[in-house]
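Remarks on the overall topology
As a plain string of letters, each chain reads:
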Amino acid sequence: MSTFDVQAKVRSVLDREAAAIRAIRVDATYEAAIDALRLCRGKIVATGMGKAGFLARKFAATLSSTGTPAVFIHPAEAAHGDLGLIAEGDCIVAFSTSGKTLEIVELIELSRHLTSAQVICITSHPESELRRLSDVVLDMGVIEEPCPLGLTPSASMAAMSAIGDALALTLMELKGVTRREYGLRHHGGYLGHKARLANDVE
């Protein structure tokens, strides 16, 4: 019979991911990031590769539903024409734990020819090209993954997701987005139903 304690392992993973979020240092760089997003004259362009890309897409979706127009651009597709999504005034938010992903670095370098707005990055590794290329660096800190191989990104993704949520919800509150405005952007499903009940949004 196996002696592997499934419940203990699950608790350990949850605890270590929660610890990664709690360890994030919140400082003036977050104020700079929020100012850049709030004052952005265009849309927010989120980008990321792999699992960080899924979180970048989620970030763009959360922003769009909470009063800030945003899109996701896949860094690999950017090299084949999708870079054209970026226009003057667009602010870019890059998600990359290592900050060394070639497609991300190339996208940021080339985006400087298309927009003069600020670039924000969410990253962890202290030595990365992305830090040099960004105007605002949101540092996740050095994170140890709970994966038994130390490879699968989970704690880092939990921290990255939490930072994205914190930015989006802080921005939403600063903009004074109302329930009615939320309902106009998110009219379907359970949340849309709640918005219509509360605000008579048709």
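Our subject is the structure listed above.
Just so you know, the residues in each chain are numbered from 1, in the order the chain's sequence is written. The predicted origin of the model limits local features to residues at a pLDDT of at least 70 and limits the giving and counting of side-chain atom pairs to 80 or more, whereas totals for whole chains, interfaces and linings rest on all residues. Side-chain numbers here rest on the full set of heavy atoms in the structure, without hydrogens or water.

Comments concerning the overall build of the chain
- The helix and strand labels rest on DSSP assignments: H or I over at least four residues marks a helix, E over at least two residues marks a strand, and numbering proceeds from the N terminus. A count of helical and extended segments in the chain gives nine helices and five strands.
- In the chain, the succession of α and β elements from N to C terminus is α-α-β-α-β-α-β-α-β-α-β-α-α-α.
- All radius of gyration figures rest on C-alpha atoms, and the globule criterion is 2.2 Å times the number of residues raised to 0.38. Over its C-alpha trace the chain gives a radius of gyration of 18 Å, about what one expects of a compact globule, namely 17 Å for 202 residues.
- The Shrake-Rupley method, run with a 1.4 Å probe, gives the accessible areas here. Residue values count only the displayed protein chains as cover. For the chain, the accessible surface area stands at approximately 11100 Å², while carbon and sulfur atoms represent 56% of it.
- Placing the 21 positive and 24 negative side-chain charges of the chain at their respective mean positions leaves the two points 4 Å apart. Under this rule, positive means Lys or Arg and negative means Asp or Glu; His and the chain ends count for nothing. Positions of charges follow a simple convention, taking NZ of Lys, CZ of Arg, CG of Asp or CD of Glu.

So, the pattern of salt bridges
- By salt bridge we mean one thing: a side-chain nitrogen of Lys or Arg within 4 Å of a carboxyl oxygen of Asp or Glu. Scanning the model with the defined rule gives nine salt bridges in all.
- E88 is the salt-bridge partner of R41, the closest N and O atoms lying 3.2 Å from each other. In this pair, R41 is assigned in the loop between helix 2 (28–38) and strand 1 (44–48) and E88 in the loop between helix 4 (75–78) and strand 3 (91–95), connecting sequence segments 47 residues apart.
- D165 is the partner of K58 in a salt bridge, and the nearest nitrogen-oxygen pair spans 2.6 Å. In this pair, K58 sits in helix 3 (residues 51–65) while D165 sits in helix 7 (residues 155–175), placing the two residues 107 residues apart along the sequence.
- Exposure is judged per residue with a 1.4 Å probe applied to protein chains only, and the accessible area is read against the type maximum: over 50% gives exposed, under 20% gives buried, and values in between give partly exposed. With relative accessibility at 34%, the residue K58 sits in the partly exposed group.

Concerning helix 3
- Spanning 15 residues, helix 3 covers 22 Å between terminal C-alpha atoms, matching the ideal 21 Å at 1.5 Å per step.
- All of the buried residues along helix 3 are A52, G53, L55, A56, F59, A60, T62, L63 and S65.
- Throughout, a residue-residue contact means that at least one pair of heavy atoms, one from each residue, lies within 4.5 Å. Close packing links the buried residues of helix 3 with strand 1, strand 2 (70–73), strand 3, helix 7 and helix 8 (179–185).
- Two residues or fewer after helix 3 comes G67, characterised by a positive phi angle close to 100°. Every helix has an expected span of 1.5 Å times one less than the residues it contains.

Focus: the pairing of strand 5 (residues 136–139)
- Residues V136 and L138 line the buried face of strand 5, whereas the alternating positions V137 and D139 sit on a face that is not buried.
- At least two bridges found by DSSP between two strands are what make those strands a pair. Pairing of strand 4 (residues 119–123) with strand 5 involves four bridges; the strand directions are parallel. Looking at the pairing, I122 lines up with L138 of strand 5.

Considerations on the environment of R112
- With respect to the helices, strands and loops of the structure, R112 is situated in the loop between helix 5 (102–111) and strand 4.
- Relative accessible area serves as the criterion here: at 35%, R112 is assigned to the partly exposed category.
- Placed 47 residues apart in sequence, R112 and A159 show a C-alpha to C-alpha distance of 28 Å.
- Nitrogen and oxygen atoms within 3.5 Å of one another constitute a polar contact, given that in protein one can donate a hydrogen and the other can accept it, and given that sequence-neighbouring residues count only through two side-chain atoms. Polar contacts involving the side chain of R112 include one to the side chain of D135, which spans 3.3 Å.

Some words on the sheet that holds strand 3
- Ordered in space as 2-1-3-4-5, the five strands form an open sheet in which the pairing is parallel. Pairing within the sheet leaves two strands with one partner each, and these edge strands are strand 2 and strand 5. In this sheet, neighbouring strand axes are inclined to one another by 20° on average, regardless of whether the strands run parallel or antiparallel.
- As paired strands, strand 3 and strand 4 are joined by four bridges and run parallel to one another. Its bridge partner being in strand 4, V93 is matched across the sheet by I120.
- Interaxial angle, 0 to 180 degrees, is taken between N-to-C directions of lines fitted to C-alpha atoms, where a helix line uses only the stretch in contact. Contacting strand 1, strand 3, strand 4 and strand 5, helix 2 runs over the sheet at an angle of about 130° to strand 5.
- On top of the sheet, helix 7 reaches strand 3, strand 4 and strand 5; it is set at about 145° to strand 4, its chief contact.

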